[in-house]
Amino acid sequence: VGRSNRRAYAYLMIPSDELLTTDARKRLAAIREFSELGSGFRLAALDLEIRGAGSLLGAEQSGHIASVGFELYVKLLEQAISELKGEVAEDEVRTSIDLRFDIEIPQHYIDDAGMRLRVYKQVSRASDEESLSRLREEVADRYGHYPRAVGNLFEYAGLRLSAQRLKVQSMERRGRSVVLKFRPETPVSPEGVVELMNGREGLSFSPDGSLVIQLSSLQSASTFEEVNAVLAELREEHSMCE
């Protein structure tokens, strides 16, 4: 706000947070976050996700995007178009991982919110270990040695890639153990898991048929190493059975 070399200010008065709607609080947070010059597009994109984009295949100006999120909405749209074309889409396996470690990119490491979001998306979309390794190098080269939380983020992505090949439905840390729940169509055979349990300590079955890995330490580096080792042995066991 202002003219030429004269600076002016605009003060927006709002009621207390208790009187604001959820969407209003989100918009105010977005205005605070994206206040620098040139951030209008990101602000508009976030507003689009808050209010919904409407029907992309029709004239209506209100849709259901707000309930699923913009990225998932676009993915569902792509799947619907593929089905109309008669293409058979393979069921995507997305392993849910909760090891209770911090995987947030700190603001002091990447101060730009848009770039933090970009890195999150790149990590999430990495399709193999090679692309994930290149991304690690790119982030370290651009922003310097990354903190433990960012390292955890990359480890999560690596675990997910390994787990999805074995069609692991979920991976959750409970106390001093990590529980792996497999999808019904997993290539891992019960006989292979039993054989693995006989040759390695700290493995057991839970009553619901999940594989339980007893951890020797709750440190993140040790946890990732132990879980990765079990997944590697399961992949090897599966390869030998083929």
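Relevant structure appears above.
Structural notes, computed from the coordinates. (Residues numbered from 1 in each chain as written. Predicted model: local features only at pLDDT ≥ 70, side-chain atom pairs only at ≥ 80, totals over all residues. Heavy atoms only, no water.)

Our next topic: the packing of helix α6 (residues 129-143) against helix α7 (residues 148-165). For the pair α6 and α7, interaxial distance at closest approach is 11 Å and the crossing angle is 175°. Of the possible angle classes, the one that applies to α6 and α7 is roughly antiparallel. Contacts between α6 and α7 involve Glu 129, Leu 132, Leu 135, Arg 136 and Val 139 from the former and Gly 151, Phe 154, Glu 155, Ala 157, Gly 158, Leu 161, Ser 162 and Arg 165 from the latter. In terms of residue class, the contact of α6 with α7 is built from six nonpolar, three polar and four charged. (Axes fitted to C-alpha atoms, helices over the stretch in contact; angles between N-to-C directions. Helix = DSSP H or I, 4+ residues; strand = E, 2+ residues; numbered from the N terminus. Parallel < 35°, antiparallel > 145°, perpendicular 65-115°, else oblique. Contact = heavy atoms within 4.5 Å. Nonpolar A, V, L, I, M, F, W, Y, C, P; charged D, E, K, R; others polar.)

Attention now goes to α7. An ideal rise of 1.5 Å per residue puts 26 Å on 18 residues; α7 measures up with 26 Å between its terminal C-alpha atoms. Count one or two residues on from α7 and you reach Lys 167, which has phi positive near 55°. (Expected span 1.5 Å × (residues − 1).)

Here we come to the pairing of strand β7 (residues 211-214). When strand β5 (residues 177-182) meets β7, the two strands line up antiparallel, connected through four bridges. Opposite Val 179, over in β7, you have Val 212 as the bridge partner. The sheet contact formed by strand β6 (residues 203-205) and β7 spans three bridges and is antiparallel. Bridge pairing in β7 links Leu 203 to Ile 213. The turn linking β6 back onto β7 is made up of five residues, and Gly 209 within it adopts a positive phi angle of 90°. (Pairing = 2+ DSSP bridges.)

What follows is about the sheet that holds β7. Here we have five strands laid out as an open sheet, ordered β3-β4-β5-β7-β6, and mixed in their pairing. Lying at the two open borders of the sheet, with one neighbouring strand each, are β3 (96-98) and β6. Direction aside, the axes of adjacent strands within the sheet are offset by 20° on average. Most of the contacts of α7 go to β3, to which it runs at about 140°, and overall it touches β3 and β4 (168-174).

Under the criterion given, the structure shown has four aromatic pairs. Ring centres of Tyr 109 and Tyr 143 lie 5.9 Å apart, and the angle between their planes is 55°; on these two criteria the pair is classed as tilted. On the criterion of sequence distance, the pair formed by Tyr 109 in the loop between β3 and α5 (113-125) and Tyr 143 in helix α6 is long-range, its members being 34 residues apart. On the basis of relative accessible area, Tyr 109 is assigned to the buried category, the value being 11%. Between the aromatic rings of Tyr 156 and Phe 224, the centroid separation amounts to 6.0 Å while the plane-to-plane angle is 75°, which identifies the pairing as edge-to-face. Of this pair, Tyr 156 sits in helix α7 while Phe 224 sits in helix α9 (residues 220-241); the two residues are 68 residues apart in sequence, bridging distant segments of the chain. Each member of the pair, Tyr 156 as well as Phe 224, is classed as buried. The structure contains a cluster of three or more aromatic residues connected by ring pairs, namely Phe 101, Tyr 156 and Phe 224. Across the ring face of Phe 101, the terminal group of Arg 173 is positioned such that the distance to the ring centre comes to 5.1 Å. (Phe/Tyr/Trp six-rings, centres within 6.5 Å; stacked < 30°, edge-to-face > 60°. Buried < 20%, exposed > 50% of the residue type's maximum accessible area, 1.4 Å probe, protein only. Lys NZ or Arg CZ within 6 Å of the ring centre and 35° of its normal.)

Read these as layout, nothing more, since geometry by itself doesn't imply function.
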